[in-house]
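Residue-level structure breakdown
In case you want the letters, here they are:
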Amino acid sequence: MGYGPFFIDHIIALKRRGLLEGCRRVVEIGRQQINDRLIASPLLDEAVALFAGRRPALTPVGAPRITPASPPGELLWSAFGMQSKSVDLDGGDIRIDLNKGRVPWRYRGAFDLAINAGTTEHVANQGNAFAAIHDLMRAGGLMVHQLPVCGSLSHGFFGYQPKFFHRLAEANGYEVAQLTLLPQAEIDLPEEFRGDGLPERALAATLLAVLRRKDRRKFVMPADA
């Protein structure tokens, strides 16, 4: 799980739209790291200037993907003038098993902005994971979900339908600030899936869903009926 140019481009767009005003306390759903492509990207300088922040001292690790040595995501939020914590069983500031754990009382309603940038698709219990995100947010807080739709057949357990986020918003009174399907590129399917009637290549797509919690009602998982 990591931050790259694709992610920061959307954060810049949200900031320009005024959707991140008043966001000072960030919670990462899954401990995030910063990849080399973002460190080298001019988008990082653009974002730092937009937030009137200070460019973080980041050292590339010399790999195209995230490694254990990649810088932590908290350095990005600190550069933007925000405080951040991460939810993760492995090295997180808030240790919650998203399959079954509950948010501790001291963190309920404690955050202005939640970032789910490639975490919940790895969690089998979707209801508990989205309930935890809901409980972490204050009324008025913004939830940014950047998640897979299709193509990456060996990545995580789930691909998401836009309909899920529409129903999630209806069930919980969220404002839908943005819902965008983002086709990316064709990718080679993993060897283990070939020969099952699937093509050798498939179009990968990502969904960006930006929701605002408007009140303090209890979480409800939507039904498709």
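In what follows, the accompanying structure is described. Not measured: the values here are computed from a predicted model.

Turning next to the overall build of the protein. Assigned secondary structure in the protein consists of six helices and eight strands. Ordered by position from the N terminus, the helices and strands of the protein form the series β-α-β-β-α-α-α-β-β-α-β-α-β-β. Residues classed as buried in the protein amount to 48% of the 225 residues present. Restricting the contact set of the protein to residue pairs at least 6 apart, pairs at least 24 apart contribute 77%. For the protein, the computed accessible surface area is about 11,200 Å², with 51% contributed by carbon and sulfur atoms.

This part is about the nonpolar core. In terms of nonpolar packing, the biggest core is built from 33 residues, with Tyr 3, Ile 11, Trp 77, Phe 80, Leu 113 and Ile 115 touching the most fellow members. Contributing elements (two or more residues each) for this core: α1 (5–16), α2 (36–40), α3 (42–50), α4 (74–79), β5 (111–116), β6 (137–150), β7 (175–188) and β8 (201–212). Here this core gets five residues from one element, more than from any other, and that element is α1. In this structure, Phe 80 is in contact with Ile 8, Ile 11, Ala 47, Val 48 and Phe 51, ignoring residues within four places of it in sequence. In this structure, Ala 110, Leu 147, Ala 169 and Leu 211 belong to the second largest nonpolar core, which totals 31 residues.

With that settled, consider the pattern of salt bridges. Under the definition given, this model contains nine salt bridges. Two residues, Arg 217 and Asp 215, come together in a salt bridge whose shortest N-O distance is 2.9 Å. Residue Asp 215 is classed as partly exposed on the basis of its relative accessible area of 25%.

Bringing helix α5 (residues 126–136) into the picture now. For α5, the buried fraction is high: nine of the 11 residues fall into the buried class. Among the residues making up α5, those that are buried are Gln 126, Asn 128, Ala 129, Phe 130, Ala 131, Ala 132, Ile 133, His 134 and Leu 136.

Put simply, α1 and α3 touch, their axes get as near as 10 Å, and they point 25° apart. In terms of orientation, α1 and α3 fall into the roughly parallel class. When you trace α1 past α3, the crossing you get is left-handed. Side by side, α1 and α3 meet where Pro 5, Ile 8, Asp 9, Ile 12, Lys 15 and Arg 16 of the first sit next to Leu 43, Glu 46, Ala 47 and Leu 50 of the second. When the residues that make up the contact of α1 with α3 are grouped by side-chain class, the tally is six nonpolar, no polar and four charged.

Cut-offs and rules
- Residues numbered from 1 in each chain as written.
- Predicted model: local features only at pLDDT ≥ 70, side-chain atom pairs only at ≥ 80, totals over all residues.
- Heavy atoms only, no water.
- Helix = DSSP H or I, 4+ residues; strand = E, 2+ residues; numbered from the N terminus.
- Buried < 20%, exposed > 50% of the residue type's maximum accessible area, 1.4 Å probe, protein only.
- Contact = heavy atoms within 4.5 Å.
- Areas by Shrake-Rupley, 256 points an atom, 1.4 Å probe, with all protein chains shown as cover.
- Core = buried A, V, L, I, M, F, W, Y, C linked by side-chain atoms within 4.5 Å.
- Salt bridge = Lys/Arg side-chain N within 4 Å of Asp/Glu carboxyl O.
- Axes fitted to C-alpha atoms, helices over the stretch in contact; angles between N-to-C directions.
- Parallel < 35°, antiparallel > 145°, perpendicular 65-115°, else oblique.
- Left-handed = near helix turned anticlockwise from the far one by under 90°.
- Nonpolar A, V, L, I, M, F, W, Y, C, P; charged D, E, K, R; others polar.

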